[in-house]
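If you want the building blocks of each chain, they are given just below.
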Amino acid sequence: MSYQPLLLNFDEAAELAKELGKESLMGLALARDIKQTDAYMATVGIEVPGHGEGGGYEHNRHKQNYIHMDLAGRLFLITGEQKYRDYIVDMLTAYATVYPTLESNVSRDTNPPGKLFHQTLNENMWMLYASCAYSCIYHTLEESQKRHIEDDLFKQMIHMFVVTYGHDFDIVHNHGLWAVAAVGICGYAINDQESVDKALYGLKLDKVSGGFLAQLDQLFSPDGYYMEGPYYHRFSLRPIYLFAESIERRQPELKIYEFNDSVIKTTSYAVFKTAFPDGTLPALNDSSKTISINDEGVIMATSVCYHRYEQTQTLLGMANHQQNVWVHSAGLTLSNAVEAADEIKPFSWGSLFITDGPKGEKGGVSILRHRDSKDDDTMALIWFGQHGSDHQYHSALDHGHYDGLHLSVFNRGHEVLHDYGFGRWVNVEPKFGGRYIPENKSYCKQTVAHNTVVVDQKTQNNFNTALAESKFGQKHFFVAGDDSFQAMSGTISNYYDGIDMQRSVLLAELEEFEKPLVIDVYRIVADSDHQYDLPYHYKGQIIRTDFDYQVASKLKPLGEDNGYQHLWNLGSGKVAGSSLVTWLHDSSYYSLVSSAPTADCEVIFARTGANDPDFNLRSEPTFILRQSGKDHVFASVLETHGYFNESIEASIGARGLVKSVQVLGHNATGTVVEIALTNDKKYHFGISNQEEALQAGEHKVEFNGVTYQWTGATAQI
């Protein structure tokens with residue numbers, strides 16, 4: 001068979017060419033790529049810079065060079081314009097001329113350096129994309145050109161990855177995934193099947209100790225979840241799809257898309273299913289607050305899943321949200337489907353539980369979703385999986401956060417109760433070289449930076465990665481199927497010595513309320529007295545409280561360590577019975593009403609920014625519910641209410657309907673919570689505290705002389 005480009009054969013390119021000038025998603029993607037590539041070629045030309053800081057000029061120039069070579073390769077096949085072919089030839093020739101003479105760059109962390117970049121991960125990415133571009137022009141080259149580019153560039157890069165840094169090549173990890181995909185794709189591009197085999201099966205060729213098949217087999221849980229979280233998971237989709245498409249075209253007998261019960265589809269869906277309704281991915285472990293389903297890897301995955309696996313309305317909804325497709329035959333299939341659809345609803349993956357751990361045995365992520373008549377989605381998420389660390393690969397790259405039972409809530413287009421995410425200004429060179437800032441460890445990873453309980457102002461698992469890696473949570477229950485009442489619950493044990501925790505979140509659609517109530521019940525069982533802090537991180541402006549508080553006359557940090565040193569203590573107030581805090585975020589009011597069973601309950605208002613001399617942290621508010629004692633239950637209700645529009649001076653429903661929340665009692669059988677409204681109506685909810693095998697039956701508890709009964713894991717009584 002004659003040589004064909006890796007990702008887009010000549011017949012497919014001819015079909016894509018028919019979309020040039022059209023207003024379809026594919027036509028728009030092509031117009032964007034042409035405009036971007038032409039501008040880069042005209043303004044930058046051929047430049048091979050030397051070494052530089054991660055995120056600095058040299059780093060970004062090398063990166064933009066491989067990005068635009070890749071774009072130019074596909075555009076050459078689709079448009080037939082010689083300028084794209086010549087650009088790739090000239091760029092690869094320039095790199096091949098200097099690459100053998102380059103010394104290693106300077107490593108900025110524990111990653112080994114490449115010759116172009118400060119870490120081999122970036123060098124892997126460069127070779128992968130450059131190889132894709134090379135395959136698009138291979139058929140136009142003289143033999144002498146091939147020898148120069150292959151011998152002095154690509155083969156030397158392969159040697160670096162599989163020999164010089166062979167000890168890292170077989171690591172089952174997202175960096176290892178990029179390494180095997182880069183070597184495999186390059187091997188296909190230069191007709192080096194020996195390198196392809198190493199990439200597929202590992203250096204030992206045993207399919208277990210390393211290689212792409214081992215990565216697909218070992219990297220994800222049975223539900224496709226990746227332990228480092230969605231941010232790094234979406235990063236893994238690019239090498240997966242680029243290599244898988246290459247394998248399917250060069251070695252179709254491997255049936256890569258069917259491998260391991262179609263694990264490529266399963267793991268893609270695990271990313272899709274965690275997304276908030278606005279498309280952003282939740283910040284579980286080190287994670288950006290802006291990465292979304294518009295990410296390049298997710299775009300690829302959406303297109304290929306629709307093309308190769310199943311044609312669903314949900315995938316159409318994702319593509320319509322992305323307003324983008326992969327410039328590839330799979331993207332054309334999806335583009336045509338979007339164009340032909342009469343109506344496309346916003347995407348929603350519904351409520352679900354996704355397991356973590358290689359056998360699904362290490363907790364996971366629970367997500368509840370509710371869509372109202374206006375197609376507005378409410379989503380609540382709790383996380384209680386394994387510590388998201390790649391400690392086995394490089395200790396400095398521990399991406400895990402210490403926040404078991406973290407809660408995030410989203411509605412009306414916003415993450416209402418949110419996670420800070422990572423401390424990093426990606427590729428912003430003046431900010432610590434674009435790498436993780438020191439505050440990533442001193443604040444962002446600390447438990448107080450998350451919406452979960454902090455005991456004695458200490459971080460879970462003593463901020464010890466090895467200890468955290470030995471712990472994981474468990475699903476307590478998951479109840480979905482009825483949109484009017486859904487619930488999820490998870491547990492963690494001994495994240496603090498002698499303390500067990502259970503968090504249950506109920507999503508209840510009640511007749512008085514315009515949006516479902518989010519009922520958050522956090523139960524703590526301890527062997528001695530402790531101080532318990534439950535932070536709620538939000539955005540917006542405080543509107544009112546139903547308790548008195550004292551504003552600090554002089555700003556001081558809330559504590560000395562474990563993240564508290566980065567929180568300004570703005571003020572606090574003692575509360576008894578129940579507390580209410582209302583804030584305004586854009587056009588909606590939010591009220592969090594919380595139980596306060598004893599006179600020493602306290603609400604503390606705080607804001608990030610203390611002990612931050614370089615202004616590395618974003619200034620964001622939080623309030624903390626503080627309670628001391630032994631066993632304790634925090635019960636809170638988040639109510640979304642009202643409407644604000646300053647342009648027409650409209651403010652409606654600024655006061656919510658929930659007046660108070662009270663824990664009527666809790667024991668080993670169950671917890672009962674009472675929610676009182678301003679019209680004196682009361683709602684009661686029961687939550688089973690028993691093990692899963694005993695949850696389906698009837699529960700009966702007696703508190704203060706009153707008997708409460710319900711059936712199932714949780715119910716409105």
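Going by the structure above, here's the rest.
Along every chain, residues carry numbers that run from 1 in the direction the sequence is written. Where local features are concerned, this predicted model is filtered to residues with pLDDT of at least 70; where side-chain atom pairs are given and counted, the filter is 80 or more; whole-chain, interface and lining totals use all residues. Hydrogens and waters are ignored; side-chain quantities use all the structure's heavy atoms.

## As for the overall build of the protein chain
The condition is simple: Under the scheme used here, helices are H or I runs from DSSP no shorter than 4 residues and strands are E runs no shorter than 2 residues, and both carry numbers assigned from the N terminus. The globule rule is 2.2 Å times the number of residues to the power 0.38, and the radius of gyration it is compared with is taken over C-alpha atoms. When a residue's accessible area, from a 1.4 Å probe over protein chains only, is under 20% of the maximum for its type it is buried; when over 50% it is exposed; and in between it is partly exposed. Under the convention used here, Asp and Glu are negative, Lys and Arg are positive, and both His and the chain ends fall outside the count. The location of each charge is read from NZ of Lys, CZ of Arg, CG of Asp or CD of Glu.
Counting its regular elements, the protein chain contains 17 helices and 25 strands. A globule of 717 residues ought to have a C-alpha radius of gyration of about 27 Å, and the protein chain, at 27 Å, matches this closely. Viewed in the frame of its principal axes, the protein chain has a C-alpha envelope of about 90 × 55 × 55 Å. Counting across all 717 residues of the protein chain, residues that qualify as buried make up 61%. Between the centroid of the 58 positive side chains of the protein chain and the centroid of its 91 negative side chains there is a distance of 1 Å.

## Points about the environment of Glu15
For the record, the criterion: Polar contacts, as counted here, are pairs of nitrogen or oxygen atoms within 3.5 Å of one another; within protein the pair requires one atom able to donate a hydrogen and one able to accept it, and residues that are adjacent in sequence qualify only if both atoms are side-chain atoms.
You can see Glu15 is positioned in helix H1 (residues 10–17). With relative accessibility at 38%, the residue Glu15 sits in the partly exposed group. A distance of 3.0 Å separates a polar atom in the side chain of Glu15 from a polar atom in the side chain of Lys18.

## Considering the packing of aromatic side chains
Defined as follows: Stacked, tilted and edge-to-face pairs are distinguished by plane angle, under 30 degrees for stacked and over 60 for edge-to-face with tilted covering the rest, among Phe, Tyr and Trp rings (Trp via its six-membered ring) whose centres lie within 6.5 Å. Only when the NZ atom of a Lys or the CZ atom of an Arg is both within 6 Å of the ring centre and within 35 degrees of the ring normal do we say a charge sits over the ring.
This structure, assessed with the given rule, holds 31 aromatic pairs. Relative to Phe623, the ring of Phe605 lies with its centre 6.4 Å away and its plane at 55 degrees, an arrangement referred to as tilted. Of this pair, Phe605 sits in strand S15 (residues 588–608) while Phe623 is found in strand S16 (residues 621–629), placing the two residues 18 residues apart along the sequence. For the pair shown, Phe605 and Phe623 are each scored as buried. One aromatic cluster is present, built from ring pairs that chain together Tyr536, Tyr538, Phe547, Tyr549, Trp583, Tyr590, Phe605 and Phe623. Above the plane of the ring of Tyr269 lies Lys265, whose end atom (NZ or CZ) is 5.3 Å from the centre. Directly above the ring of Tyr436 sits Arg424, whose terminal nitrogen or CZ lies 5.2 Å from the centroid.

## Focus on the side chain of Asp612
To be explicit about the condition: By salt bridge we mean one thing: a side-chain nitrogen of Lys or Arg within 4 Å of a carboxyl oxygen of Asp or Glu. By definition, residues are in contact when any of their heavy atoms lie within 4.5 Å.
Within the secondary structure, Asp612 sits in the loop between S15 and S16. There is no salt bridge for the buried Asp612, and the closest opposite charge comes from Lys431, which lies 6.6 Å off by N-O distance. In this structure the side chain of Asp612 is engaged in a polar contact, spanning 2.9 Å, whose partner is the backbone nitrogen of Asn616. When neighbours within four sequence positions are excluded, Asp612 is seen to be in contact with Glu439 and Leu617.

## Focus on the sheet that holds strand S5 (residues 414–417)
Which entries qualify depends on this criterion: Any two strands between which DSSP finds at least two bridges are classified as paired. Comment: axis = line fitted to C-alpha atoms, over the contacting stretch for helices; angle = value between 0 and 180 degrees taken between N-to-C directions.
Here we have five strands laid out as an open sheet, ordered S1-S2-S3-S4-S5, and antiparallel in their pairing. The sheet is open, and its two edges are formed by strand S1 (352–355) and S5, each paired on a single side. Strand-to-strand twist of the sheet, defined as the mean angle between neighbouring strand axes without regard to direction, takes the value 20 degrees. The pairing of S1 with strand S2 (residues 364–371) spans four bridges and is antiparallel.

## So, helix H4 (residues 82–98)
Short version of the rule: Expected helix span is taken as 1.5 Å per residue step, with the number of steps being one fewer than the number of residues.
The terminal C-alpha atoms of H4, which comprises 17 residues, lie 25 Å apart, in line with the 24 Å expected from a rise of 1.5 Å per residue. Listed in full, the buried residues belonging to H4 are Tyr84, Arg85, Tyr87, Ile88, Val89, Met91, Leu92, Tyr95 and Ala96.

## Details of the environment of Ala340
In this fold, Ala340 is placed in helix H15 (residues 329–340). Placed 218 residues apart in sequence, Ala340 and Leu558 show a C-alpha to C-alpha distance of 57 Å.

## What about the nonpolar core?
To keep things clear, this is the line we draw: We call a set of buried Ala, Val, Leu, Ile, Met, Phe, Trp, Tyr and Cys residues a nonpolar core when their side-chain atoms join them within 4.5 Å.
Leu92, Trp126, Phe154 and Tyr241 are the most contacted members of the largest nonpolar core, which has 133 residues in total. Non-local contacts of Trp126, meaning those with residues more than four positions away in its chain, are made with His62, Tyr66, Met69, Leu92, Tyr95, Leu116, Phe117, Leu153, Phe154 and Met157. Counting 54 residues, the second-largest nonpolar core is a separate cluster that includes Val448, Ile492, Val581 and Ala606.

## Side note on the sheet that holds strand S21 (residues 670–677)
Strand order in the open sheet formed by four strands is S20-S21-S22-S25, with antiparallel pairing between adjacent strands. What marks the edges here is a single partner per strand, and that holds for strand S20 (658–666) and strand S25 (714–716). Neighbour-to-neighbour, the strand axes of the sheet open up by a mean angle of 15 degrees, direction not taken into account.

## Here's the deal with helix H12 (residues 259–274)
Put simply, the rule is: Working definition for bend: take the seven residues up to and ending at a residue and the seven starting at it, fit an axis to each, and measure the angle between the axes.
For H12, which comprises 16 residues, the first-to-last C-alpha distance of 23 Å matches the rise-based estimate of 22 Å (1.5 Å per residue) to within 8%. Residue Thr266 marks the point of greatest curvature in H12, where the axis turns by about 35 degrees. All buried positions along H12 are accounted for by Ser262, Val263, Ile264, Thr267, Ser268, Tyr269, Ala270, Val271, Phe272 and Thr274.

## With respect to the packing of helix H3 (residues 57–79) against helix H5 (residues 120–137)
Keep this limit in mind: Note on angle classes: values under 35 degrees are labelled roughly parallel, values over 145 roughly antiparallel, values of 65 to 115 roughly perpendicular, and the remainder oblique. The sense of a crossing depends on the near helix, which, turned anticlockwise from the far helix by less than a right angle, makes the crossing left-handed and, turned clockwise, makes it right-handed. Under the scheme applied here, ten amino acids are nonpolar (Ala, Val, Leu, Ile, Met, Phe, Trp, Tyr, Cys and Pro), four are charged (Asp, Glu, Lys and Arg), and all others, including Gly, are polar.
Where H3 contacts H5, the two axes come as close as 8 Å, and the packing angle between them is 25 degrees. Here H5 runs roughly parallel to H3, going by the angle between their axes. Every pair of crossing elements has a handedness; the one defined by H3 and H5 is left-handed. Across the interface between the two elements, His59, His62, Tyr66, Met69, Asp70, Gly73, Arg74, Phe76 and Leu77 from H3 touch Asn122, Met125, Trp126, Tyr129, Ala130, Cys132, Ala133, Cys136 and Ile137 from H5. Here the residues of the contact of H3 with H5 sort into twelve nonpolar, four polar and two charged.

## Here we look at a nonpolar patch on the surface
Test applied: Patch membership requires more than 30% relative accessible area and the absence of a salt bridge. Residues of like charge join within 9 Å; the nonpolar side chains Val, Leu, Ile, Met, Phe, Trp and Tyr join within 5 Å. Accessible areas in this description were obtained via Shrake-Rupley with a 1.4 Å probe; residue shielding takes into account the shown protein chains only.
A cluster of nonpolar side chains, Tyr643, Ile648 and Ile652, forms an exposed patch at the surface whose accessible area comes to about 310 Å². Structurally, the position occupied by Ile648 is in the loop between strand S18 (643–645) and strand S19 (650–652). Accessibility expressed as a relative area gives 58% for Ile648, which makes it exposed.

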